[in-house]
Amino acid sequence: MSTLPELRPTWADVDLAAFSGNVDTVVGLLPEGSRLIAVLKANGYGHGAVELARRCRADRVAMIATALLEESLALRAAGIDLPLLVLGPLDEAQIRAAVDAGITPGVVGPEELAAACAVARGRDVAIHLKLDSGMGRMGVTEGELPEAMAMIRSAPRLRVEAIYTHLASADDPGDPLTEAQLAAFGPMLAALRAAGIDAPLHHVANSAATLRGLVRPGDFARVGIALFGPDGRVTRPLLRWRTEIVRLKTLPPGHAVGYGATFRTTRESRIATLPVGYADGYDRLLSNNGEVLIRGRRAPVAGAVSMDLVTVDVTDVPGAAAGDEVVLLGGQGDETITAGELASRTNTISYEVFSRISARVPRRFSA
Ligand SMILES: *Cc1c(COP(=O)(O)O)cnc(C)c1O
């Protein structure tokens, strides 16, 4: 089934039309005057940042955000001409390189602000300024505001295009921190305004906050995970990770399977070998724990996930044969394995499941 004979039959199909549909869905959730910043860090949460960015049209997507400068530079190099925002910390040389490429630094603290001001001594520099409204990670804190204001006022060629903050717990509607952060952000904006520093634009909401309707009219929303349908609810999954059975054997009862012999057959068993492993991002915590889809049925992982191989018990999949398609993530027949399912089986979040599908797994894009 593989189109290139030198490749193993393991790849991820990425449905770009589904991505466009998800962008439309998210844009449809935004209030009047608000626009979308599509967050495509970590190779678009593992989906393929360049191809997704090509699907972002200016009438739908105001900006694309990445974590790293090199991620934004790669998008520029691929011909993406939408405004780009770097959310991670940058030093002075990186800010210079960003400005050269027309990329906006999302300044995350006083050190980076000082670096941006230094660059702005010789040229115009537009930034988004991040405030820490309570997450305690990045952003200018309340205590650092006076210092930040002084720097901004002394840099006439620095333009603060937007002021933003990030929510720590928006995915938990019961967590009072979200409200506390929203309540803290307002006075910080007011303090900046009182010092003559205002920005035409603000952005606060991530996916969870956007889905909860917390975007204020006119604000932008920075949305990542919701564009990828992690649980198949509001938005659709676009990535389908598949492989094929490359070996199938029948083992007698009491036979060991895999490293450490962590699985032992209790009956005559059909054990299938799949050419995929933890080096591809199929988590080792799925050993004796995950399920895959074959012939529209679930089959359990039997034994330890190896670096390059996984063994599954297909005794209860009638007709299972070498060459059968195996779905690790995505749908087959009436069954679906979501990123959320893999995440809960491996004590993590869908973000990590997606972003750890390694570069060794080719992405195949369909329009
Ligand atoms: C990753 C990130 C986002 C997107 O978060 P999602 O939960 O994926 O929507 C938004 N803002 C910042 C600063 C981020 O780092």
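Enquirer: Please give an account of the overall build of the chain that cites residues and values.
Expert: In terms of regular secondary structure, the chain is built from 11 helices and 20 strands. With respect to the principal axes defined by its C-alpha atoms, the chain has extents near 80 × 45 × 40 Å. Across the 367 residues in the chain, those meeting the buried criterion constitute 51%. Taking the intrachain contacts of the chain between residues at least 6 apart in sequence as the baseline, contacts between residues at least 24 apart amount to 66%. With the model as given, the accessible surface of the chain reaches about 15700 Å², and the carbon-plus-sulfur share is 52%. Averaging the locations of the 38 positively and 42 negatively charged side chains of the chain gives two centres separated by 4 Å.

Enquirer: Describe a nonpolar patch on the surface, naming the residues involved and giving the relevant values.
Expert: Taken together, the side chains of Leu29, Leu211 and Val234 present a nonpolar region at the surface, about 240 Å² in accessible area. Position of Leu211 among the secondary structure elements: in helix 9 (residues 207–211).

Enquirer: For the site of the ligand, give the residues involved together with the corresponding values.
Expert: Close to the ligand lie 13 residues, the nearest being Lys41, Tyr45, Ser207, Arg222 and Tyr351. Interatomic distance of 2.8 Å between a backbone N/O atom of Ile225 and an oxygen atom of the ligand. Look at the ligand: alone it shows 390 Å² of surface, and the protein chains cover 93% of it. Those elements that provide at least two residues to the shell around the ligand are helix 2 (41–45) and strand 9 (221–223). Looking at the shell around the ligand residue by residue, the classes come out as 6 nonpolar, 4 polar and 3 charged.

Enquirer: An account of the environment of Thr336 is requested, with residue identities and associated values reported.
Expert: Position of Thr336 among the secondary structure elements: in strand 19 (residues 335–337). For Thr336, a relative accessible area of 39% translates into the label partly exposed. In the structure, Thr336 is positioned 40 residues away from Gly296 in sequence and 8.9 Å away in space, judged by C-alpha atoms. In this view, Thr336 contacts Leu293, Arg298, Gly330, Gly331 and Glu341; residues no more than four positions away in its chain are not counted.

Enquirer: Which residues make up the side chain of Thr273, and what values go with them?
Expert: Along the polypeptide, Thr273 turns up in strand 14 (residues 269–274). A residue is classified by how much of its surface remains accessible, and Thr273, at 14% relative accessible area, is buried. Not counting the four nearest positions on each side in its chain, Thr273 is found in contact with Glu244, Ile245, Val246, Arg247, Leu309, Val310 and Thr311.

Enquirer: Lay out the sheet that holds strand 8 (residues 201–203) in plain terms, naming residues and giving numbers.
Expert: Across the sheet, 8 strands lie side by side as 8-7-6-5-4-3-2-9; this open sheet has parallel pairing. Pairing within the sheet leaves two strands with one partner each, and these edge strands are strand 8 and strand 9. On average, adjacent strands in this sheet sit at an angle of 30 degrees to one another, irrespective of strand direction. Direction of pairing for strand 4 (residues 84–86) relative to strand 5 (residues 103–107): parallel, over a ladder of 3 bridges. Within strand 5, the residue paired with Leu85 across the bridge is Thr104.

Criteria and cut-off values
- Residues numbered from 1 in each chain as written.
- Predicted model: local features only at pLDDT ≥ 70, side-chain atom pairs only at ≥ 80, totals over all residues.
- Heavy atoms only, no water.
- Helix = DSSP H or I, 4+ residues; strand = E, 2+ residues; numbered from the N terminus.
- Buried < 20%, exposed > 50% of the residue type's maximum accessible area, 1.4 Å probe, protein only.
- Contact = heavy atoms within 4.5 Å.
- Areas by Shrake-Rupley, 256 points an atom, 1.4 Å probe, with all protein chains shown as cover.
- Lys, Arg positive; Asp, Glu negative; His and termini not counted.
- Charge placed at Lys NZ, Arg CZ, Asp CG, Glu CD.
- Patch = residues over 30% accessible without salt bridge, like charges linked within 9 Å, V, L, I, M, F, W, Y side chains within 5 Å.
- Salt bridge = Lys/Arg side-chain N within 4 Å of Asp/Glu carboxyl O.
- Near = heavy atom within 4 Å.
- Polar contact = N/O pair within 3.5 Å; in protein donor to acceptor, adjacent residues only side chain to side chain.
- Nonpolar A, V, L, I, M, F, W, Y, C, P; charged D, E, K, R; others polar.
- Pairing = 2+ DSSP bridges.
- Axes fitted to C-alpha atoms, helices over the stretch in contact; angles between N-to-C directions.

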